[in-house]
Every structure is written in structure tokens, then in C-alpha cells.
Amino acid sequence: MNTTRATFKHAWIYTLAAVTGKMISFFLLPFYAHVLQDVGYGVIGMIEASLAFLFTLMSYGVQSAVTRFYYDRPPEERNRVVSTGMLQTAVISTLLCVPLMLASGPLSGALLGDAKLWHLLVLALLGFIFELTGTAASAILLIEQRSVAFSVNGLVRLVLGVATSIWFVLVLDWGLFGYFLSGTLTTLVSSAWFVAIAVRRCGTVWDRGIACDLFFFQLPLVPGNLASFVSRQAERVLVRYQLDLASVGVLEMGYKFPSLISLMITQPFMKSWNTTRTAMADEPGAPEHIGRVFTWYLLLVASVGLVIVVNIPAVLRLLTPPEFWNAHRIARVEVLTMILQGCYWHVTFGMYYAKDMRSLSWIRGVTSAVKVGLSVLFIKLWGLFGAAYSAALIQAVMLGWSGPLAQRKYRIRYEWRKIWLIGVTSVLAFVVLITLDLERIGAYRWLRDVAVPDFGRALAATPLGTWKDGKAVTLLLERADVMSDLVLRTLLCLPYALLLPTLHYDTRTKILKRLRALRQR
């Protein structure tokens, strides 16, 4: 089928905007880390954990629900699915948030230990309403595979977000208030864009029957998702009260970099692939094709995960203050969790296609209940790092439990030999790269003693060289060994791409033809 190339094409466009945005966001990371400190990151983590609770009430996601029922309706009714989903999401999210805004003082006192921070919670809740409504409206762009229009919105959001963050946080020195104000304003502009497109394309028709279908499609997932929220976010609360708020900030930093796997690979990929696989599921050869796409996804996510786990200690030492450096142990475990989570969204397609949300909810509910107990035990045993260990273990259990059940609903033909090859080689590459002694490599010594110092001196001549009396340049020169470690280990990860010809028949055939042609010459 030709849909594989189209899927990766659209996924690449979705990813391009996300990657660009995260590159600039991570460029600002050292500034945020020094301005907000670990306690500031702890406040951000607690508020984001609270918003995650509200996201669980929206169940599987309105985009997925709209996509699933869009193809069930005759062509003349499909626009109503989008408009109804958008209006329904706006109403429900507002009804959820308004009472919380009115009680923001006591809530901020309980969550953050300071009732005076109520305005941060209000800004976050407003952003939640805008975000969820815009997400529902953007479903029409995903369904019509208008990836360019979708990504242009992302780039506009990026520019606005970075500009307002720099102005509010770094220039005006508004701290946490500037951080949340920037996020709310950026989300408002982005969501207004999506809503305008959806209204123009689909109108504002409300269909009661469609609204009921969307509601009852997501309703069975609410108990399981609530349990999942408790299990995943409880670790932050446990760390907050068993340890301290600063430890929550370290935990958030450990989770920040692995989340790139979800933000830049899994989510963009599924934006393209979920629509495609739903539309083609009944076509001849679809189970084989869906299995092949999973193999390519796994290779991609394993490659990016390898780069992160190998380099995360150097990245933290380069970009953050010393109190965050120990978070690399959390990040390495979280990378595995993110990979397993991405695989989970692939293998559960059978339940999604059969609209068997009850089974998904049951699995999430049971595993989440177990995870709460594991989190309490593991945090007592291993402190801050026990939270990450429990998350990885439970995600593996969810994957192993849900996969076989989903296969009964819709049997996907997985390429098991290739899957095992990717898994084994990625683990071996990880072990080799983290145990490698770079001091014995001449390229490392050249980078440390020549290239990085030269780059630092060149950077000193730019506007960045004057920020806080040249602190950024000074840190770079002081950590030349860390920068050299980061560059060289990243380059050493590139040979993992040689696995591609082994897995892809067309690529292997082209390489062999070229080699034969060279021999004949």
C-alpha cells in the first residue's frame, strides 16, 4: 500500500514544527532553571499534575472519538461530527473549570502550600479550556490530512510562546506568573485559529445523536483513566509530602527530556496514522500493513530513545544547576516508559476499532491500583527514583495484558523477528555507549581542548555573551568536557541507523545493487 509513505510524510510535517519548538524551548531551559529554580519547577509540576486530572475526564481524547465516528457516518453528516465534538468539548471543559477557578485560593493552598498563588491556577485552567477546545476543532485538519496547515499553527504558537516567555520571564522578571501567562495567551491564539477553521469548514451544528455517541464512546474510559491519573500523578504527591517540593522539581526535570519521545514522535505520528489506519482497517492486506508500520515506528522511537539515554547526564550537567544533575537516573527509566507507552497506543488498536472502551478502562484501572501501592513501596525503598521504576514496570504490564486482548478484536500481523532485533540491538548499543571510556578517543580530546573553547570564544561576541555578565559562555567553557561528551556520544549513536537496511527490503536491495555496480567497475 502507498499509505506508509503518506503516513510518514504527514508525521514528518507534524514533527518538524514540534522539533523546532522543542529545540528553542530547550535552548531556554538553562535560563528557566536558573530563574525559577527547583521550587519553581515543583510548582509547575503540581499544577500540571492537577490539569492532568481534568484531562482524564475527557477520556480517550476527543480527536480520537471524532475520528472514529467520522467514518461511521454518511458523507453528508460527517461535518456534524466535528462541529458537535468541538461544541461539546467547550461546554464540558468550561463546566469542569469554572468551579475550580472559584475555589482556586484553597486549592492552591493545598497543592502548592501558598494560597497567594491562586492566580497561577486560574491561568492554567483558562489555558486548559482553550487547549481542549482547540484540540477538538483541529480534528478536521487531521481527518483531511492537512498537515501543513496544522503545523503552521504549531510554528505560530512556537514563535508567540517563545517571544512572550522571554519577555515575561526573562525581561520583565515576572517569574512563575510570566510563565503561566505566556502559556495561556499562546494557547488562546492557537485554539482560536483551529476553531475558526473548523467553523468555516464544518459550521456550528449541534447533533444530539452524535453528541451521545461521542459521550458514551468516552464514558467507559473515565474510571480507568481516573485510576491511571491517580497512579501516575500520585507519585508527584507522594514525593511532595514524603520528601519535599524541591524533589518534585527534580522529578519534573527527569521527566522533561524523555517526554520528547511522546511530543516529537508518538503524538505527531499518531496524528497521521490513527486516521489512516481507521479508514483502511477493512481493506485487504490491512493487518499486514498495520504491522509493518509498527515496526518502522519502533525503530524510529528506539533510535531517538538511544540518543536520549546515552546523553542525558551530559545534557543535565550542561544546561541545569547541580541540584538537577541526579535526575538522569529518572530520565533513563522514563525513556523506557515512553517507548512502552507509544507501543501501547499501537497494539490497542483492536479495542479502539471495536469500540471496546470498557476493556481498556478495566486494564488501566487494575494496573493503576497496583501502581499506587508500588509507588509507595518503591519511593520508600529508592526515594525519588522509585517513582520512575514503578511507572516503567506498570507500563510493561499494561502492554503485555492489552496486546493479546486487542488481537482478538482485530488481528494485526506483527513482524516479530524484526521487533526482537530492534529490541536486542538497542539494549546492546546502550550498554556499549554508556560504558565507553571517551578519554581514550582522540576526537574527544580535540573537541574538549580545541573545538569547544573556540566555539565559546565565538559565542562571547554575540548578544548571548552579555547575558548575566557572560554567565552562559562561562558555563560552556567550564563544562567543555561535558559538551564534548555530548557531541561525541551523539555521533556514536548514528551507526544504529545501519539497522535500517536489515529491516527494509527496498533499502537493502538498492544498497546491494549499488555495491554490485561498484564491483563491476
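The text that follows walks through the structure, step by step, so that each part is easy to find.

Digging into the overall build of the protein chain
Here's step 1: Counting its secondary structure elements, the protein chain contains 24 helices and 0 strands.
Here's step 2: Looking at the protein chain alone, contacts between residues at least 24 apart form 83% of all its contacts between residues at least 6 apart.
Here's step 3: Carbon and sulfur atoms provide 66% of the accessible area of the protein chain, an area that totals close to 23700 Å².

Topic: the packing of aromatic side chains
Centre distance and the angle of the planes are the two values used to describe a pair of aromatic rings.
Here's step 1: Scanning the model with the defined rule gives 16 aromatic pairs in all.
Here's step 2: On the numbers, 5.3 Å between centres and 15° between planes, the contact of Phe168 with Trp174 is stacked.
Here's step 3: Overall, Phe168 belongs to the buried group, its relative accessible area being 11%.
Here's step 4: The partly exposed category is assigned to Trp174, whose relative accessible area is 38%.
Here's step 5: Between Phe349 and Tyr410 the ring centres are 5.4 Å apart and the planes differ by 85°, which places this aromatic pair in the edge-to-face class. Taken together, the residues span a long stretch of sequence, with Phe349 in helix H16 (residues 349–353) and Tyr410 in the loop between helix H18 (386–409) and helix H19 (416–435) at a distance of 61 residues.
Here's step 6: Here a set of aromatic residues connected by ring pairs shows up, and it is made of Phe69, Phe217, Phe349, Tyr352, Tyr353 and Tyr410.

A look at the environment of Val432
Here's step 1: Take Val432: it is sitting in helix H19.
Here's step 2: Placed 122 residues apart in sequence, Val432 and Val310 show a C-alpha to C-alpha distance of 9.7 Å.

Considerations on helix H6 (residues 118–137)
Here's step 1: Spanning 20 residues, H6 covers 29 Å between terminal C-alpha atoms, matching the ideal 28 Å at 1.5 Å per step.
Here's step 2: The element H6 is largely enclosed, with a buried count of 14 among its 20 residues.

As for the nonpolar core
Here's step 1: Ranked by size, the top nonpolar core spans 78 residues in total, and within it Val66, Leu298, Phe349, Tyr410, Ile422 and Tyr496 carry the most contacts.
Here's step 2: If sequence neighbours within four positions are ignored, Leu298 has contacts with Ile339, Cys343, Ile419 and Ile422.
Here's step 3: Counting 55 residues, the second largest nonpolar core, distinct from the first, contains Val333, Leu384, Ala387 and Val473.

Here we look at the environment of Gly203
Here's step 1: Along the chain, Gly203 falls in the loop between helix H9 (175–202) and helix H10 (208–218).
Here's step 2: The contacts of Gly203, once residues within four sequence positions are left out, are Ser83, Met86 and Ala198.

Considering helix H20 (residues 442–459)
Here's step 1: Here H20 spans 25 Å end to end across 18 residues, near enough to the 26 Å set by a 1.5 Å rise per residue.
Here's step 2: At Arg448, H20 shows its maximal kink, close to 40°.

Notes on the pattern of salt bridges
Here's step 1: Summed over all chains, the structure comprises 14 salt bridges.
Here's step 2: The partner of Arg448 in a salt bridge is Asp449, and the shortest N-O contact between them spans 3.0 Å.
Here's step 3: With a relative accessible area of 22%, Arg448 lands in the partly exposed category.
Here's step 4: Look at Asp449 and you get partly exposed, because its relative accessible area is 48%.
Here's step 5: Bridged by salt links that share partners, the residues Arg68, Asp72 and Lys355 form one connected network.

A look at the environment of Phe150
Here's step 1: Relative to the elements of secondary structure, Phe150 occurs in helix H8 (residues 147–171).
Here's step 2: By relative accessible area, which is 13% here, Phe150 ends up buried.
Here's step 3: On a C-alpha basis, the gap between Phe150 and Ile140 in space is 9.9 Å, while along the polypeptide they are 10 residues apart.

Description of the packing of H6 against H9
Here's step 1: Here H6 crosses H9 at 20°, and the two axes come no closer than 8 Å. Of the possible angle classes, the one that applies to H6 and H9 is roughly parallel. When you trace H6 past H9, the crossing you get is left-handed. Taking contact as the criterion, the partners of His119, Leu120, Leu123, Ala124, Leu126, Gly127, Phe130, Glu131, Thr133, Gly134 and Ala137 in H6 are, on H9, Leu176, Phe177, Phe180, Leu181, Thr184, Thr187, Leu188, Ser191, Phe194, Val195 and Ala198.
Here's step 2: Along the lines of polarity and charge, the residues of the contact of H6 with H9 split into 14 nonpolar, 7 polar and 1 charged.

Details of the packing of helix H14 (residues 286–319) against H19
Here's step 1: One can describe the packing of H14 onto H19 by two numbers: an axis separation of 10 Å at closest approach and a directional angle of 10°. Regarding the angle of H14 to H19, the classification is roughly parallel. For the pair H14 and H19, the contacting residues are Phe294, Thr295, Leu298, Leu299, Ala302, Leu306, Val309 and Val310 in the first and Lys418, Ile419, Ile422, Ser426, Ala429, Phe430, Leu433 and Ile434 in the second.
Here's step 2: For the contact of H14 with H19, the residue count by class is 13 nonpolar, 2 polar and 1 charged.

Topic: the side chain of Ser390
Here's step 1: The topology assignment puts Ser390 in helix H18.
Here's step 2: Not counting the four nearest positions on each side in its chain, Ser390 is found in contact with Glu235, Lys371, Leu374, Ser375 and Phe378.

Comments concerning a nonpolar patch on the surface
Here's step 1: A surface patch of nonpolar side chains, about 450 Å² in accessible area, is lined by Ile166, Trp167, Val171, Leu172 and Trp174.
Here's step 2: Tracing the backbone shows Trp167 in helix H8.

Each value, and the rule that gives it
- Residues numbered from 1 in each chain as written.
- Predicted model: local features only at pLDDT ≥ 70, side-chain atom pairs only at ≥ 80, totals over all residues.
- Heavy atoms only, no water.
- Helix = DSSP H or I, 4+ residues; strand = E, 2+ residues; numbered from the N terminus.
- Contact = heavy atoms within 4.5 Å.
- Areas by Shrake-Rupley, 256 points an atom, 1.4 Å probe, with all protein chains shown as cover.
- Phe/Tyr/Trp six-rings, centres within 6.5 Å; stacked < 30°, edge-to-face > 60°.
- Buried < 20%, exposed > 50% of the residue type's maximum accessible area, 1.4 Å probe, protein only.
- Expected span 1.5 Å × (residues − 1).
- Core = buried A, V, L, I, M, F, W, Y, C linked by side-chain atoms within 4.5 Å.
- Bend = angle between axes of the 7 residues up to and from the residue.
- Salt bridge = Lys/Arg side-chain N within 4 Å of Asp/Glu carboxyl O.
- Axes fitted to C-alpha atoms, helices over the stretch in contact; angles between N-to-C directions.
- Parallel < 35°, antiparallel > 145°, perpendicular 65-115°, else oblique.
- Left-handed = near helix turned anticlockwise from the far one by under 90°.
- Nonpolar A, V, L, I, M, F, W, Y, C, P; charged D, E, K, R; others polar.
- Patch = residues over 30% accessible without salt bridge, like charges linked within 9 Å, V, L, I, M, F, W, Y side chains within 5 Å.

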